[in-house]
Amino acid sequence: MKSFLVVGEIMTRRTAALLLIAAAAAAAQVHKSPMAGKWYPAEAPALEKLLDRSFAEAAKRTGETIPRKMLLGLVVPHAGLDYSGAVAGSAFRLLDNPKNVILLGFSHQRPLQGVIAPEVDAYVTPLGSIRVNRDAAKELHFASLPEDRLCDHSVENQLPFL
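Since the model is a prediction, treat every value here as computed from it, not as a measurement. (Residues numbered from 1 in each chain as written. Predicted model: local features only at pLDDT ≥ 70, side-chain atom pairs only at ≥ 80, totals over all residues. Heavy atoms only, no water.)

What follows covers the nonpolar core. Ranked by internal contacts, the top residues of the largest apolar core, which has 15 residues, are Leu-74, Val-76, Leu-81, Phe-92 and Phe-161. At the level of elements, helix H1 (44-62) and helix H2 (81-92) are the ones that each hand at least two residues to this core. Top contributing element to this core by residue count: H2, with 4 residues. Formed by 8 residues, the second largest nonpolar core is a distinct cluster that contains Leu-103, Ile-130, Val-132 and Leu-159. (Core = buried A, V, L, I, M, F, W, Y, C linked by side-chain atoms within 4.5 Å. Buried < 20%, exposed > 50% of the residue type's maximum accessible area, 1.4 Å probe, protein only. Helix = DSSP H or I, 4+ residues; strand = E, 2+ residues; numbered from the N terminus.)

On any regular strand, side chains alternate: one points to one face of the sheet, the next to the other face. When strand E7 (residues 122-125) meets strand E8 (residues 128-132), the two strands line up antiparallel, connected through 4 bridges. Each residue of the ladder has a partner; that of Thr-125, found in E8, is Gly-128. Between E7 and E8, which pair antiparallel one after the other, the connecting turn spans 2 residues. (Pairing = 2+ DSSP bridges.)

The next subject is the packing of aromatic side chains. What characterises a pair of aromatic rings is the spacing of the ring centres plus the angle enclosed by the ring planes. Going through the model one piece at a time under the given rule, you end up with 2 aromatic pairs. Considering the side-chain rings of Phe-55 and Phe-161, the 5.7 Å spacing of their centres and the 85 degrees angle between planes classify their relative orientation as edge-to-face. In this pair, Phe-55 sits in helix H1 while Phe-161 sits in the segment after helix H5 (153-156), placing the two residues 106 residues apart along the sequence. Classification of Phe-55 by relative accessible area gives partly exposed; the value is 28%. By relative accessible area, Phe-161 is classed as buried at 10%. (Phe/Tyr/Trp six-rings, centres within 6.5 Å; stacked < 30°, edge-to-face > 60°.)

Written out as C-alpha cells, the structure is:
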C-alpha cells in the first residue's frame, strides 16, 4: 500500500476537489490562479513577504519545529493569507520536501460528488508554477473535471505555501 501526503480541509460528503501537486516547471495546460490579488498578493515580492511573516508568526506561536519525514496529513485553514497565514504556516512548515502533495478542499461554488482532480497540468501563482501529477490522480482512480468547474479558494489559497 502506498502512502500519500494529504494537505487540506476536512471534506464534506457531497463536495470535494483534489489537486495532486508535485514541484516542477510549468506544463502545457496551465491555470493561472485568480486568487492572486484577491486572497493573497499578486506580486511575488509582496507574497514572499507575507509568507515569511506567516512562518515567523507560526514559529513565535508554536516554537521551533523540525520538518517531519513521511508526514501523512495536515489540516490547514483556507481563509485569506492575511487572516490565516500564521496557522497555515504552522502546518506547512512541517513538510520535508515531499515528492507529492494531495490538496483536498471543498467547492464553495457547486455540489460535487467524490474526489475530483483538475484537468490541468500546472497551476501558476505569483511565485511560479506547480505541476499537477495527473498520473497519480489516475492511479488513485479519481474522476476529473475542467478546472473552471473546480476553481475555488479552499484549494488555491494553499498553493503559495508549496
